[in-house]
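Architecture and fold: a report
Okay, here's what each chain looks like letter by letter:
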Amino acid sequence: MGSRAAGVHRVTALVFDGMTLLDLAGPFEVFAEAAKFGARYELEVRSSDGAAVRASTGLRVHVDGAADAATDVGTALVVGGDVLAVGPISAELTAAAAELSDRADRTAAVCTGAFVLAAAGLLDGRRATTHWQHARLLGVAFPQVSVESDAIFVRDGAIFTSAGVSAGIDLALALVERDHGPEVARSVAQSLVVFLQRPGGQSQFSPSLALPRPRTPVLRRVIDAVAADPADDHSVTALAARAHVSPRHLSRMFRQEVGSSPSKYVEGVRVDAAIRLLHAGKSVTACAQQVGIGSPETLRRMFLARVGVPPRAYQQRFRTTERDLTMMPDDEGPPDQ
């Protein structure tokens, strides 16, 4: 099989007009960096008809040819773009994805690239993910796909799908680790100054934002009150009194319109609030107190369940550049976990 027989793994990216540039550049940088540590990846870009495309930024992206001319494909990589979630996917793009996947050892999609795989029937009966903002639409448009809306990336057999934008880097690192082991993947991550890939099942760090906005005005007022002051008394009894309904009726409204129990919804809002405070440099203990969770241990358990990492680990990865530049060693308190 040509390049594969020679020990080279060819990654063939499928692009289209309106593609998100980082969905291509992020994974390709990972594969290219891996070459410095002994990996042998060959990268190429193809479109359905062999013509150059324009990214969503307006930048022109040149290609190596048409998808149907690709040979010795190790990984077929379908990039994403907002256009995939707001309009019909062309038959040409769908056919190109199906053909590349058929020729490849494995197939991967970044962000809304999952919509292309789904349209091609490649995700039928499989688990998959995409950007959390579009996960619900993917599930509705393609009910035969089991959508995991909070995963960073999902593997189902030889098909890999990832969440939005930067998750394509996580996915590429995971593929490098599968091909060449954890040491090479770790070296690539360190060189690119990113974490070694987050666990595939880890949350996309949006505990409550993806939940639907309720239709009932009284329920909207309740959730607005929760968002305005997460630390207030938001027990089911207190929320029901605010809505002038019984606790049982309120719980029924939450299940029907939000898809969550009142307590789980409040928990998600409080974790979101804690995330914002962590970004601002607050300690885990201060975050727990200010959002109404109470103890740092309780916050830690909630974080692990909803976000996938402890709050301290989250803060170390996602704190702002300004804080990194100005914080002196004595500025930090004890390392809350």
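As shown above, the structure is provided for reference.
Residues numbered from 1 in each chain as written. Predicted model: local features only at pLDDT ≥ 70, side-chain atom pairs only at ≥ 80, totals over all residues. Heavy atoms only, no water.

For an α-helix, the turn length of 3.6 residues means that residues three or four places apart are oriented alike. With 14 residues, helix 1 (residues 21–34) ought to run about 20 Å at 1.5 Å a step, and its terminal C-alpha atoms sit 20 Å apart, in line with that. Among all positions of helix 1, only Asp 23, Leu 24, Gly 26, Pro 27, Phe 28, Val 30, Phe 31, Glu 33 and Ala 34 are buried. Residues of helix 1 that are buried make contact with strand 1 (9–14), strand 2 (41–46), strand 4 (60–61), strand 5 (75–78), helix 6 (167–180) and helix 7 (182–191). (Helix = DSSP H or I, 4+ residues; strand = E, 2+ residues; numbered from the N terminus. Expected span 1.5 Å × (residues − 1). Buried < 20%, exposed > 50% of the residue type's maximum accessible area, 1.4 Å probe, protein only. Contact = heavy atoms within 4.5 Å.)

Moving on to the nonpolar core. Membership of the largest hydrophobic core comes to 63 residues, with the highest contact counts inside it found for Met 19 and Leu 24. Considering each element in turn, this core owes the most residues, seven residues, to helix 6. Once residues within four sequence positions are removed from consideration, Leu 24 is found in contact with Ala 13, Val 15, Met 19, Val 45, Val 61 and Val 79. Grouped together as the second largest cluster of nonpolar side chains are 17 residues, Ala 273, Leu 277, Val 284 and Ile 293 included. (Core = buried A, V, L, I, M, F, W, Y, C linked by side-chain atoms within 4.5 Å.)

Attention now moves to the pairing of strand 1. Taking burial as the measure, the six residues of strand 1 include six buried ones, the bulk of the element. Of the two faces of strand 1, the one holding His 9, Val 11 and Ala 13 and the one holding Arg 10, Thr 12 and Leu 14 are both buried throughout. Bridge analysis of strand 1 against strand 2 gives six bridges, and the strand direction is parallel. Across the sheet, residue Ala 13 finds its bridge partner in strand 2, namely Val 45. (Pairing = 2+ DSSP bridges.)

Its 14 residues give helix 6 an end-to-end C-alpha distance of 20 Å, which sits within 8% of 20 Å, the value for a rise of 1.5 Å per residue. Ala 167, Gly 168, Asp 170, Leu 171, Ala 172, Leu 173, Ala 174, Leu 175 and Val 176 are the residues of helix 6 that are buried.

Positioned with a positive phi, Asp 72 is a non-glycine residue whose angle comes to about 50°. In this structure, Asp 72 sits in the loop between strand 4 and strand 5. Phi at Cys 111 is positive, roughly 55°, even though this residue is not glycine. Inspection of the secondary structure assignment puts Cys 111 in the loop between strand 6 (106–109) and helix 4 (113–119).

Remark: a regular strand shows side chains that alternate across the two faces of the sheet. Of the two faces of strand 10 (residues 159–162), the one carrying Ile 159 and Thr 161 and the one carrying Phe 160 and Ser 162 are both buried. Of the pairings in the sheet, the one linking strand 6 to strand 10 comprises three bridges and is parallel in character. Looking across to strand 10, one finds that Ala 108 is bridged to Phe 160. Alignment of strand 9 (residues 153–156) against strand 10, held across four bridges, turns out to be antiparallel. Bridge pairing in strand 10 links Val 154 to Thr 161. Hairpin connection between strand 9 and strand 10: a loop of two residues separates the two successive antiparallel strands, and Gly 157 in this loop has a positive phi of roughly 65°.

Attention shifts here to the packing of helix 8 (residues 217–228) against helix 9 (residues 236–243). Where helix 8 meets helix 9, the closest approach of the two axes is 9 Å, and the angle between their N-to-C directions is 130°. Of the possible angle classes, the one that applies to helix 8 and helix 9 is oblique. Between helix 8 and helix 9 the crossing geometry is right-handed. Between helix 8 and helix 9, the residues in contact are Val 218, Val 222, Ala 225 and Val 226 and Leu 239, Arg 242 and Ala 243, respectively. Classifying every residue of the contact of helix 8 with helix 9 by side-chain character gives six nonpolar, no polar and one charged. (Axes fitted to C-alpha atoms, helices over the stretch in contact; angles between N-to-C directions. Parallel < 35°, antiparallel > 145°, perpendicular 65-115°, else oblique. Left-handed = near helix turned anticlockwise from the far one by under 90°. Nonpolar A, V, L, I, M, F, W, Y, C, P; charged D, E, K, R; others polar.)

Its location among the elements puts Ala 273 in helix 11 (residues 262–279). A relative accessible area of 7% means that Ala 273 is categorised as buried. Spatially, the C-alpha atoms of Ala 273 and Ala 231 are 9.4 Å apart, while their sequence positions differ by 42 residues.

Before going further, it helps to examine the sheet that holds strand 9. Strand order in this open sheet of six strands is 2-1-5-6-10-9, and the pairing throughout is mixed. Because the sheet does not close on itself, it has two edges, and the strands there are strand 2 and strand 9. On average, each strand axis in the sheet is inclined to that of its neighbour by 20°, with strand direction left out of account. For strand 1 and strand 5, the ladder comprises four bridges, and the chain directions are parallel. When the bridges of strand 5 are listed, Val 11 appears paired with Thr 75.

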